[in-house]
Amino acid sequence: MDSDSIADRLAAEAGRSPRTRARTTLAVALVPALAALVWASGAVVPRLGYGDDGGEDSREITSETYITARVDESFVNNGWMPVTVTGVGVRGHGVVLRRVRPLEGRFPRAVGPGELLRLVLDLDIEDCAAVRARPPEVVFEVSRWWGSQAVTVSPEEPDGPQGWYEVESACDS
């Protein structure tokens, strides 16, 4: 009985042309590569990071319990697709975001591939030790035609955060 089923499978394989087998093999090999390319492009997951055009920072002590800092920081769309930033937040210990505004325009703000988004962040630093230990992450709410999602820009990125060093030094004053 087994020999008949093996013979049937071999006969079916023999009927296939080498061209059909080559196409199937090529398709199987290309699907994971194409999926990886789409993922890395930012078409599925938006890719935002710190930009090179850091601005000026200012700080002042407004009470004994916290320091107010204003950070002008740039972010870049590293993806291949435009994104619409609808909101910005800060996640970290010892810091509270009081206000955020883009230097150009208002939210929602479309950011094209490779385009910079310069923001002014007004922060209350409540725990200098915590901010020195780990600078806060910036969280963007990004909208696309198929939905919205949060994108976190971590301070460990190779391009740095430029303004966070000034926030840390505000604790020294």
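Our structure's up above, just so we're on the same page.
Residues numbered from 1 in each chain as written. Predicted model: local features only at pLDDT ≥ 70, side-chain atom pairs only at ≥ 80, totals over all residues. Heavy atoms only, no water.

**Student:** Before we go on, may I ask you to explain the overall build of the protein chain in this structure?
**Tutor:** Counting its regular elements, the protein chain contains four helices and nine strands. The linear arrangement of helices and strands in the protein chain, starting from the amino end, is α-α-β-β-β-β-β-β-β-α-β-β-α. For the protein chain, the proportion of its 173 residues judged to be buried stands at 34%. Put simply, of all contacts in the protein chain between residues at least 6 apart along the chain, 71% involve residues at least 24 apart. (Helix = DSSP H or I, 4+ residues; strand = E, 2+ residues; numbered from the N terminus. Buried < 20%, exposed > 50% of the residue type's maximum accessible area, 1.4 Å probe, protein only. Contact = heavy atoms within 4.5 Å.)

**Student:** Quick question: what am I supposed to make of the pairing of strand E9 (residues 147–153) here?
**Tutor:** Each regular strand shows side chains that alternate between the opposite faces of the sheet. In this sheet, E9 lies alongside strand E8 (residues 137–144) in antiparallel orientation, the contact comprising seven bridges. Bridge pairing in E9 links valine 142 to glutamine 149. From the end of E8 to the start of E9, which pair antiparallel, there are two residues. (Pairing = 2+ DSSP bridges.)

**Student:** Looking at this model, I keep getting lost on a nonpolar patch on the surface. Mind explaining?
**Tutor:** Residues Leu34, Leu37, Trp80 and Met81 make up a contiguous nonpolar surface patch of roughly 430 Å² in combined accessible area. Within the fold, tryptophan 80 resides in the loop between strand E3 (67–77) and strand E4 (83–91). (Patch = residues over 30% accessible without salt bridge, like charges linked within 9 Å, V, L, I, M, F, W, Y side chains within 5 Å. Areas by Shrake-Rupley, 256 points an atom, 1.4 Å probe, with all protein chains shown as cover. Salt bridge = Lys/Arg side-chain N within 4 Å of Asp/Glu carboxyl O.)

**Student:** What should I look at first to understand the pairing of strand E7 (residues 116–125) in this one?
**Tutor:** Burial runs high along E7: eight of the 10 residues are buried. The sheet contact formed by E3 and E7 spans 10 bridges and is antiparallel. Of the residues in E7, the one forming a bridge with serine 74 is arginine 118. Across seven bridges, the pairing between strand E5 (residues 95–102) and E7 is antiparallel. Bridging across to E7, valine 100 finds its partner in leucine 121.

**Student:** Which parts of the structure should I look at to understand the pattern of salt bridges?
**Tutor:** Between side chains of opposite charge, a pair can form when the charged atoms approach closely. Going through the model one piece at a time under the given rule, you end up with seven salt bridges. Where glutamate 115 meets arginine 109, a salt bridge forms, and the shortest distance between an N and an O atom there is 3.4 Å. A network of salt bridges, in which partner residues are shared, links Arg91, Arg134 and Glu137.

**Student:** Is there a simple way to explain the sheet that holds E8 in this structure?
**Tutor:** Working definition: the strands of a sheet are paired by backbone hydrogen bonds and lie parallel or antiparallel to each other. Pairing is antiparallel across the open sheet formed by four strands, whose spatial order is E6-E4-E8-E9. Each edge of the open sheet carries a strand with a single partner, namely strand E6 (109–111) and E9. Averaged over all adjacent pairs, the angle separating strand axes in this sheet is 40°, with direction ignored. The sheet contact formed by E4 and E6 spans three bridges and is antiparallel. From the neighbouring strand, threonine 84 faces E6, where its bridge partner is alanine 110. (Axes fitted to C-alpha atoms, helices over the stretch in contact; angles between N-to-C directions.)

**Student:** Quick question: what am I supposed to make of the environment of arginine 101 here?
**Tutor:** Along the polypeptide, arginine 101 turns up in strand E5. For arginine 101, a relative accessible area of 32% corresponds to the partly exposed category. Expressed as a C-alpha distance, the spacing of arginine 101 and arginine 118, which sit 17 residues apart in the sequence, is 8.7 Å. Not counting residues up to four positions away in its chain, the partners in contact with arginine 101 are Arg118, Leu119 and Val120.

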